[in-house]
Structures are given as C-alpha cells and as structure tokens.
Amino acid sequence: MRDPVWIQLLLGVHIAAGITAFIMAPLALASAKGGPAHRRWGSIYFWAMAVVAATALVLAIYRPIVFLALVAVFSFYAAFSAYRVLFHKDLPRGGKVRRLDWAAAILTFAASLVLAFLGAAKPAILQRLGIPAIVFGMIGMWLAGKSMWQFTHPPRDKMFWWFEHLGGMMVSYIAAWTAFTVTTIGRFVHGGWVIWLVPTAIGSPIIAFTTAYYKRKFAPRAKATLDPAV
C-alpha cells in the first residue's frame, strides 16, 4: 500500500535536507574558522540537520520504527550541543546554561538509555539491530552526560567550546552518513547490523585525530585569551 501524500512530501523534504547537509558540512570544514563563509555554511548545515532529525522522527513514528526514532534524537543532539556550546564560552568564568540546554540533554540521555536497554533486551521491534542500538545508545548517553557534567563542573580549558563544537558537528555528520549508508548501500550488502557501524568505525579515528591536531595547535597559546567567533 502506498504511503499517504503527506508522508511522501515529508520524505522529499527529508531527502532534500539530507542532501543539503551533505554539501554544507565539507564547505564549513574547508572554510576559514570564524569567517563569514564558515558561519554561513555551518548555520545552513545545522538547520538542515534539524529538518532531517524532525522529519526522520515523524517518519519513524509513522512506520513505526522505534530504533530510528530514538537514533534521530541522539544524532540531532550532537549537532544541537555543538551549536549551543558557542553560547557557553563563558562557562570557565562562571557562566550559566539555559533550561533549554538541560532539557535537551536530559531528553537525549533518557532516549539513549532506552535505546541501549532495548538493544540489550533485543525485542522484535529492533529487527536484529541489538548491537547498533547498544552502541548508539552508549554514544548518546556519553554525549548528553558529558554536556550535563560540563553544566555542573565548569571546564578549565578556555578552548573547550572549540573541541566540543568540532567533535559534535563531526558526530552529527557521521550519523548522517550512517543513515545514508543504510538506506542506500545497506539494501545491497548482506552484512546485517555491521553496515550500521561502518561510518562510526571510520569517523571515530578521524574525530580523534582532528581533535588531537587542534589541541597541539592551541597548546602554545593556552594562556592567551583566544576566543574567535565560530
């Protein structure tokens, strides 16, 4: 049976937003950090990911696919927290976060906890995706938990926001690639749940290498007041 027209339109919006995000992310990464181009491409990427997450959540509930609904929550939180951390640069100096940040972190932690629990329980609704559910659930709890820890334990590194911004955006991009890989290549590969973890396995070392690179780059200026706009 064909989906209703509104679902087909929503799917079209979802795909268009996903394509936009795929294009904007490399442009933002390649442009000068803090420059107008970086801000422009980064903002478009963030809002494109917001549309991707919102439409994915509705589509997942409509199907219904609990796994995708919960993954949509944690994957968008990576981009959301990376964006919001730009407003938290004063945390080392006693700055405060808003209720919106707390609400998003708590919701994401709860959704990720449920996702990991379902992965361990392996109910029929997960369709043999127990291991990816556990992995993504743990990642989501780690992201949200780290945010809440920073809210209550102000970081000492003045450049903490840079690393959180960079890492969060890259995690969200990996999540986008995961969805793309599964919905396109996945149908032709008989790897079961493995295909869900390939982008994470490839992207995680890249995040670690990039973060280490910038930590070395900023190390000589650790004592300086470096606060470029991103």
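Keep in mind the model is a prediction, meaning the values are calculated, not measured. (Residues numbered from 1 in each chain as written. Predicted model: local features only at pLDDT ≥ 70, side-chain atom pairs only at ≥ 80, totals over all residues. Heavy atoms only, no water.)

K.L.:
How should the overall build of the protein chain be read in this particular structure?
P.N.:
Helices and strands together make up the secondary structure of the protein chain, namely 7 helices and 0 strands. When the helices and strands of the protein chain are read in sequence order from the N terminus, they spell out α-α-α-α-α-α-α. For the protein chain, buried positions account for 45% of its 230 residues. Long-range contacts, defined here as pairs at least 24 residues apart, represent 77% of the contacts in the protein chain between residues at least 6 apart. Working note: accessible area of the protein chain is about 13,000 Å², and carbon and sulfur atoms make up 71% of it. (Helix = DSSP H or I, 4+ residues; strand = E, 2+ residues; numbered from the N terminus. Buried < 20%, exposed > 50% of the residue type's maximum accessible area, 1.4 Å probe, protein only. Contact = heavy atoms within 4.5 Å. Areas by Shrake-Rupley, 256 points an atom, 1.4 Å probe, with all protein chains shown as cover.)

K.L.:
Just checking my understanding: could you explain the packing of helix 5 (residues 130–152) against helix 6 (residues 160–184) for this structure?
P.N.:
Each pair of packed helices gets described by two things: the angle between the helix axes and the distance between those axes. For the pair helix 5 and helix 6, the least separation of the axes is 13 Å and the interaxial angle reads 160 degrees. What the angle tells us is that helix 5 and helix 6 run roughly antiparallel. Two packed elements cross with a definite hand, and for helix 5 against helix 6 that hand is left-handed. Note on element contacts: helix 6 touches helix 5 through Phe-160, Glu-164, Val-171 and Thr-178, opposite Phe-136, Leu-143, Lys-146 and Gln-150. (Axes fitted to C-alpha atoms, helices over the stretch in contact; angles between N-to-C directions. Parallel < 35°, antiparallel > 145°, perpendicular 65-115°, else oblique. Left-handed = near helix turned anticlockwise from the far one by under 90°.)

K.L.:
What should I look at first to understand the nonpolar core in this one?
P.N.:
The nonpolar side chains of a soluble globular protein tend to be buried with one another. One finds Phe-67, Tyr-77, Leu-115, Phe-136, Trp-161, Trp-162 and Trp-196 to be the most contacted residues of the largest nonpolar core, which totals 39 residues. Listed by contribution, the elements that provide at least two residues to this core are helix 3 (66–84), helix 4 (99–121), helix 5, helix 6 and helix 7 (194–218). Judged by nonpolar contacts, the second largest core, of 13 residues, contains Tyr-45, Met-49, Ala-79 and Tyr-173. (Core = buried A, V, L, I, M, F, W, Y, C linked by side-chain atoms within 4.5 Å.)

K.L.:
Explanation requested: a nonpolar patch on the surface in the structure shown.
P.N.:
Residues Leu-11, Ile-15, Ile-19, Ile-23 and Leu-27 make up a contiguous nonpolar surface patch of roughly 410 Å² in combined accessible area. In this fold, Ile-23 is placed in helix 1 (residues 5–30). (Patch = residues over 30% accessible without salt bridge, like charges linked within 9 Å, V, L, I, M, F, W, Y side chains within 5 Å. Salt bridge = Lys/Arg side-chain N within 4 Å of Asp/Glu carboxyl O.)

K.L.:
What am I meant to see in helix 3 here?
P.N.:
Each turn of an α-helix holds 3.6 residues, which means side chains three or four residues apart point in the same direction. Across its 19 residues, helix 3 extends 27 Å between first and last C-alpha, which sits within 8% of the 27 Å expected from 1.5 Å per residue. Counting buried residues along helix 3, 14 of its 19 residues qualify, which places the element largely inside the surrounding structure. (Expected span 1.5 Å × (residues − 1).)

K.L.:
I tried to follow the pattern of salt bridges on my own but got confused; where do I start?
P.N.:
Side chains that differ in sign of charge can pair as their charged atoms come close. Applying the stated rule across the entire model yields 2 salt bridges. For Arg-84, the salt bridge identified is with Asp-101, shortest N-O distance 2.8 Å. In this pair, Arg-84 sits in helix 3 while Asp-101 sits in helix 4, placing the two residues 17 residues apart along the sequence. You'll find Arg-84 and Asp-101 in the same group, each marked buried. When the shortest N-O distance is used, the salt bridge between Glu-164 and Lys-146 registers 3.2 Å. One end of the pair, Glu-164, is in helix 6; the other, Lys-146, is in helix 5, and 18 residues separate them in sequence.

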